[in-house]
Structures are given as structure tokens and as C-alpha cells.
Amino acid sequence: GSGTPPILGVIASPSSGTHPLTVRFTIGTTIPGVISSWVMKFGDGFQQGGQGKPPTSVTHTYTKKGIYLAYLVVAQQQQYGGVQYIVPRNGLAIQVN
């Protein structure tokens, strides 16, 4: 199409450290149209989400050792139905020592 391509990004800081590890996830979104909802899945069974566009950042504390794959899911309502974006596709690795 001739529309603006969607841009989504998630950066974790820090991405590794000793438990308990508090990580700040910075979220960048440039999606044309209406974002109906978002969910940040932290990979340890916890998640945070809401309606509309996601905030510019969320924080989460990992309390146990392990490697966790975090990712963002954004839902957009379009003229012909809903679309779901997942970033990063294979998850963002967070290593907790």
C-alpha cells in the first residue's frame, strides 16, 4: 500500500544483572491509525497492558534467576479487521543471575 509503515521497538535497560533485577523497557511506537490495546509480556509469567497506545516505558522486577524472553504485543483496529504486532519476534532476552 501507500501508507506509512508501522514502527515498533522495545529496548531493555539493563538486559542482565543480579536478582532482584529491575528492568526499564523503553517502548517506541509509530503506527498509523488507532491502537486498540497493548501488552508487555515479561517472560516470567507477568505482564502489563492497557487500552490505547502504550506508554513510553514500563518497568518490571525479575525476582528469580533465569533467562526470560520479553516482548510487546500491540493490537490495531483497521478498516477490514484487527491486526496484531509482536516485537521483537523472538523475544528480548533478559538474563538474571
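As the structure is a computational prediction, the values presented were derived from the model and not from experiment.

Undergrad: It is not clear to me how the overall build of the protein should be interpreted in this structure. Could you clarify?
TA: If you tally the helices and strands in the protein, you get zero helices and eight strands. Going from N to C terminus, the protein has its helices and strands arranged as β-β-β-β-β-β-β-β. Taking the principal axes of its C-alpha atoms as reference, the protein extends roughly 45 × 20 × 20 Å. The buried share of the protein, reckoned over its 97 residues, is 30%. By sequence separation, contacts in the protein at least 24 residues apart represent 58% of the contacts at least 6 residues apart. On the protein, roughly 5900 Å² of surface is accessible, and the fraction owed to carbon and sulfur atoms is 52%.

Undergrad: Mind showing me how you'd approach the environment of Tyr 71 here?
TA: With respect to the helices and strands, the residue Tyr 71 is situated in strand E7 (residues 66-78). The spatial distance from the C-alpha of Tyr 71 to the C-alpha of Pro 14 is 15 Å, given a sequence separation of 57 residues.

Undergrad: Explain the pairing of strand E4 (residues 34-41) here, please?
TA: Taken together, the five bridges between E4 and strand E5 (residues 47-51) define a ladder with antiparallel strand orientation. Along E5, the bridge assignment pairs Trp 38 with Gly 50.

Undergrad: Teacher, can you tell me more about the sheet that holds strand E1 (residues 7-13) here?
TA: Strand pairing in a sheet takes place through backbone hydrogen bonds and is either antiparallel or parallel in direction. Ordered by their spatial adjacency, three strands build an open sheet running E1-E3-E6, and the pairing between neighbours is antiparallel. In the strand order of this sheet, the two ends are held by E1 and strand E6 (57-62), each with one partner. Each neighbouring strand pair of the sheet contributes to a mean axis angle of 20°, computed without reference to strand direction.

Each value, and the rule that gives it
Sequence order as written defines the numbering, with residues in each chain counted from 1. Where totals are concerned, whole chains, interfaces and linings use all residues; where local detail is concerned, this predicted model gives features only for residues with pLDDT of at least 70, and gives and counts side-chain atom pairs only at 80 or more. Derived side-chain values reflect all non-hydrogen atoms in the structure, with water molecules and hydrogen atoms excluded from consideration. Under the scheme used here, helices are H or I runs from DSSP no shorter than 4 residues and strands are E runs no shorter than 2 residues, and both carry numbers assigned from the N terminus. The rule is simple: take the accessible area with a 1.4 Å probe, protein chains only, and divide by the maximum for that residue type; under 20% is buried, over 50% is exposed, in between is partly exposed. Residues count as neighbours in contact if any of their non-hydrogen atoms are within 4.5 Å of one another. A 1.4 Å probe and the Shrake-Rupley method give the accessible areas. Residues count as covered only by the protein chains that appear here. Here a strand pair is declared whenever DSSP counts at least two bridges between the two strands. Here the axes come from fitting lines to C-alpha atoms, over the contacting stretch only for helices, and the angles between their N-to-C directions go from 0 to 180 degrees.

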